[in-house]
Amino acid sequence: MTDRVARIQEQWRIERPDLDVSPLGLIGRLHRLAAALTRELEVVYEAYGLSEGDFDVLATLRRTATELTAGDLATATMVTTGGTTKRLDRLERAGLVVRRVSETDGRSRVVALTGAGRRLIDEAFTTHVANEHRLVGQLDDDDAAALERILRTWLAHHEQPADAPSDVARPR
């Protein structure tokens, strides 16, 4: 099957026959697919008045079922603390989160979902999961399982394990 990436590879093979450009096939397609999938996911976020980052913050608070510090949110969402603060300011103005002094450490502040924030993320997440099912449904079950296994293995070379101390885990 010829696609844009295959054409790019062929052009490079002609111009630089001394290089093995086969990795461009994987990396190029993953890059293009990630951009296409992001656009498909953003449609859902926008339907709920959220950016991708807003959705990520609300979903993190919802899935951890707890209050988190801004630093914990920054770590969990892989965004700088400055970026997290801007998101929290916007979400707080919208009445979706609240910041308050921690009950366990009076020197720190924690962030929690408001009732409106919880209702919004529950509805948005339900739609988000249905959208992801639609997107993954473009593959047959065996291909989807194989791809998940391959990507998990490959990603493990580039990320620290989920059980590493810096990850925000659900309280026990």
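Every chain is numbered independently, its residues counted from 1 as its sequence is written. pLDDT decides what is reported in this predicted model: residues at 70 or higher carry local features, side-chain atom pairs at 80 or more are listed and counted, and totals for whole chains, interfaces and linings draw on all residues regardless. Side-chain figures throughout are based on the complete set of non-hydrogen atoms in the structure, without hydrogens or water.

So, about the environment of Val136. Its place among the elements puts Val136 in helix 6 (residues 115-136). Expressed as a C-alpha distance, the spacing of Val136 and Val57, which sit 79 residues apart in the sequence, is 24 Å. Elements are defined by DSSP. Helices are runs of H or I of four residues or more, strands are runs of E of two residues or more, and each kind is numbered from the N terminus.

This part is about the UniProt feature "domain: HTH marR-type" (unreviewed entry) in the chain. UniProt positions are given in the numbering used here, feature names are shortened, and annotations may be inferred rather than shown by experiment. Under the UniProt annotation, "domain: HTH marR-type" (unreviewed entry) lies at residues 23-156. Secondary structure across residues 23-156 comprises 72% helix and 7% strand; the distance between its end C-alpha atoms is 18 Å.

A surface patch of like charges, here negative, comprises Asp140, Asp141, Asp142 and Asp143. Assignment of secondary structure puts Asp142 in helix 7 (residues 141-156). Like-charged residues are merged into a patch within 9 Å and nonpolar side chains (Val, Leu, Ile, Met, Phe, Trp, Tyr) within 5 Å, provided each residue has over 30% relative accessible area and no salt bridge. All accessible areas in this document rest on Shrake-Rupley with a 1.4 Å probe, and a residue is counted as covered only by the protein chains that are shown. Definition used for salt bridges: Asp or Glu carboxyl oxygen within 4 Å of a side-chain nitrogen of Lys or Arg. Counted as positive: Lys and Arg. Counted as negative: Asp and Glu. His and the chain ends are not counted at all. Taken as the charge centre is NZ of Lys, CZ of Arg, CG of Asp or CD of Glu, depending on the residue.

Quick look at the nonpolar core now. Membership of the largest hydrophobic core comes to 21 residues, with the highest contact counts inside it found for Leu50, Phe55, Leu58, Leu61, Leu73, Leu91 and Val97. Top element by residues in this core is helix 3 (residues 52-64). It accounts for five residues. Two residues form a contact once any of their heavy atoms are found within 4.5 Å. Beyond its immediate chain neighbours, meaning those up to four positions away, Leu58 contacts Leu50, Leu91, Leu96, Val97, Leu113, Leu120 and Ile121. Grouping buried Ala, Val, Leu, Ile, Met, Phe, Trp, Tyr and Cys residues that are joined through side-chain atoms within 4.5 Å yields what is termed a nonpolar core. Here the term buried applies to any residue with accessible area under 20% of the maximum for its type, exposed to any over 50%, and partly exposed to those in between, with areas from a 1.4 Å probe on protein chains only.

This part is about the pattern of salt bridges. Overall, the coordinates contain ten salt bridges when judged by the stated rule. Put simply, Arg13 and Glu10 hold a salt bridge, and the shortest N to O gap is 3.9 Å. In this pair, Arg13 and Glu10 are both assigned in helix 1 (residues 4-15), three residues apart and thus about one turn of the helix distant. In this structure, Arg99 and Glu92 form a salt bridge, with 2.9 Å as the shortest nitrogen-oxygen distance. Taking relative accessible area as the criterion, Arg99 reaches 19% and is therefore assigned buried.

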